[in-house]
Amino acid sequence: MIAVEDEVFAQANEAQFGTFDTAKSAALKIKRQRKRTNSRSHSSEGDNDPVSPMSDDFPKLKLDRSFTRDRRSRTGSRGLPKKGGGGGKGTWGKVGDELNSSAVKDDQDPNFDATDMGSGIKLGAYIPALDGVEIEKNLKPLFTEYFENSELDECITAIIKFNIGPENIGDVLTLCVSMALEMNPSKRELCSRLIADMYGRVIEPQYMEDAFVALLKQIPDLELDNPSAADDIGRFLARAIADDCLPPAFLKRLASHDLHKKSQAAVLHASALLTLKFAMSKISNIWGVEGMEKQTTKFYTNKVWFILKEYLKSSELEEVKTSLRELDIPHFHHEVVYETIVLAMEQRVSEFEKYAQRMIDLLQFLGKTFIISKSQFETGFKRVVEDLDDLTFDIPNAVSLFSQFCDMCVAQSFMSDETYEMLHPNRGRKRFVSEGDGGKIKTTI
């Protein structure tokens, strides 16, 4: 009977106030369970009236909602902050993270940018094209270094870094050739190799003919400093055709250009070279220094020996200077000093002073004209000191003759006293003059 009343009471309240919330439903359930227990009890208290669920005596339940505000770690350890201190999920992150963010792929996203989706647009530094003045300013040091160290790939790599337009490509060729014209044949050979290597890398094939046309037009100006510029540029032109940098028909097409008479002379010279028998093999050695990188020390030693032998006959100082410059071996000039002293000692003892004086005059001249440096002089003298023991097999008086040569150098202020003390042979060497000779050098060998 009591259960029926509770249900009727609940339906009446639901119709009037709506469905109870969780707390009220729990209270009604507890009340029904308590009344069922009382109905089964045999005590007199079970007959009391039921307590209204809305009365003040009804027990109110309190739910513990503190767990919704508990942000402490359940593992007991704090750990490291997420994202290096930039916050976790739903946060903005560290300052600067927006620069490293990946591209948004959803085209409906407000942050979507079509340029991030591989549109092919690439940003880079713009290098302006060099004009004629800037080409000479930037490339002249490169060519100078190339002529000194012969590093072809290094020179080409450095030139490629510059932005040289097709309209100024002729200035590059003109600058390189004009510098080579003022140097010896070995440098011109290096220039021809550079032209062949620039083909297709620095100078595009379709612009190579234009570059040579620009070079030919500069011949009248180049002849002011180099009278043989027309013939030399004709050799460069023939060499470029032999190296397949230019087609042979290019010489015929030059007839359509309005060239100066001197430029036409260069074209005729190139045509004559190409019509020779075995022209290609001869043009490959047109500067006379083919395979110069394979030339050994013995080759240069023989060259120096022939130059000095010719000097002993003619006494032409300028000829020796010109020959050494054409040989272009500044790093090997100590061999000139060495051979000069040895050649003087190889002469008859009776003529030693005459030839020694002639050789000292040559060394002084080469020093004053800056052909041979001080370090090369010292190296040459040191080599003689180190080889005295071996030289005595061919020159028995080598020690005494070398000492006399050094004394003559000191007397003529060609050698300082400090250098003399450093280079003078040791006193403990074997004497090749007997004690009874009074220290005089024998006049016969």
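Let me begin by describing the structure that accompanies this report. (Residues numbered from 1 in each chain as written. Predicted model: local features only at pLDDT ≥ 70, side-chain atom pairs only at ≥ 80, totals over all residues. Heavy atoms only, no water.)

**Some remarks on empty space enclosed by the protein**
So, step 1. Under the defined criterion, the tally for this structure stands at one cavity of 30 Å³ or more.
So, step 2. In this structure, the largest cavity spans a volume of roughly 40 Å³.
So, step 3. Lining the largest cavity are Ser192, Ile195, Ala196, Phe236, Arg239, Ala240, Asp243 and Cys245.
So, step 4. For the lining of the largest cavity, the secondary-structure elements that each account for two or more residues are helix H6 (185-198) and helix H9 (229-242).
So, step 5. Of the residues in the lining of the largest cavity, the class split is five nonpolar, one polar and two charged. (1 Å grid on protein atoms, 1.4 Å probe; cavity = no way out; pocket = protein on both sides within 12 Å on 5 of 7 lines; lining within 4 Å. Points joined across faces, edges and corners; volume = space filled by probe spheres on them. Helix = DSSP H or I, 4+ residues; strand = E, 2+ residues; numbered from the N terminus. Nonpolar A, V, L, I, M, F, W, Y, C, P; charged D, E, K, R; others polar.)

**Details of the packing of helix H16 (residues 352-368) against helix H19 (residues 398-411)**
So, step 1. One way to put it is that H16 packs onto H19 with a least axis distance of 10 Å and a crossing angle of 50°. Regarding the angle of H16 to H19, the classification is oblique. Seen from above, H16 lies across H19 with right-handed handedness. On H19, the residues touching Phe352, Glu353, Ala356, Gln357, Met359, Ile360 and Leu363 of H16 are Leu401, Gln404, Phe405, Met408 and Cys409.
So, step 2. Of the residues in the contact of H16 with H19, the class split is nine nonpolar, two polar and one charged. (Axes fitted to C-alpha atoms, helices over the stretch in contact; angles between N-to-C directions. Parallel < 35°, antiparallel > 145°, perpendicular 65-115°, else oblique. Left-handed = near helix turned anticlockwise from the far one by under 90°. Contact = heavy atoms within 4.5 Å.)

**Quick notes on H6**
So, step 1. Taking 1.5 Å per residue as the helical rise, H6 with its 14 residues ought to reach 20 Å, and the 20 Å between its terminal C-alpha atoms agrees with that figure.
So, step 2. Burial of H6 is extensive: ten of the 14 residues sit out of reach of the surface.
So, step 3. Along H6, the residues that are buried comprise Ser186, Lys187, Arg188, Glu189, Leu190, Cys191, Ser192, Leu194, Ile195 and Met198.
So, step 4. For H6, the elements touching its buried residues are helix H3 (132-149), helix H4 (152-160), helix H5 (169-181), helix H7 (205-217) and H9.
So, step 5. A positive phi of about 85° marks Gly200, the residue just after H6. (Expected span 1.5 Å × (residues − 1). Buried < 20%, exposed > 50% of the residue type's maximum accessible area, 1.4 Å probe, protein only.)

**Side note on the pattern of salt bridges**
Pairs can form between side chains of opposite charge once their charged atoms are near each other.
So, step 1. Applying the stated rule across the entire model yields eleven salt bridges.
So, step 2. Close ionic contact of Arg188 with Asp232 constitutes a salt bridge, the shortest N to O distance being 3.4 Å. In this pair, Arg188 is assigned in helix H6 and Asp232 in helix H9, connecting sequence segments 44 residues apart.
So, step 3. Residue Asp232 is classed as buried on the basis of its relative accessible area, which comes to 5%.
So, step 4. For the salt bridge of Arg253 with Glu209, the shortest nitrogen-to-oxygen distance reads 2.5 Å. Here Arg253 is found in helix H10 (residues 250-253), whereas its partner Glu209 is found in helix H7, with 44 residues between them in sequence.
So, step 5. On the basis of relative accessible area, Arg253 is assigned to the partly exposed category, the value being 40%.
So, step 6. For Glu209, a relative accessible area of 21% translates into the label partly exposed.
So, step 7. One network of salt bridges, with partners in common, ties together Glu189, Arg193, Arg239 and Asp243. (Salt bridge = Lys/Arg side-chain N within 4 Å of Asp/Glu carboxyl O.)

**Observations concerning the state of the cysteines**
So, step 1. Under the defined criterion, the tally for this structure stands at zero disulfides.
So, step 2. Considering cysteine sulfurs only, Cys409 is the nearest to Cys406, which forms no disulfide, with 6.1 Å between them.
So, step 3. Since its relative accessible area comes to 0%, Cys409 is described here as buried. (Disulfide = S-S within 2.5 Å.)

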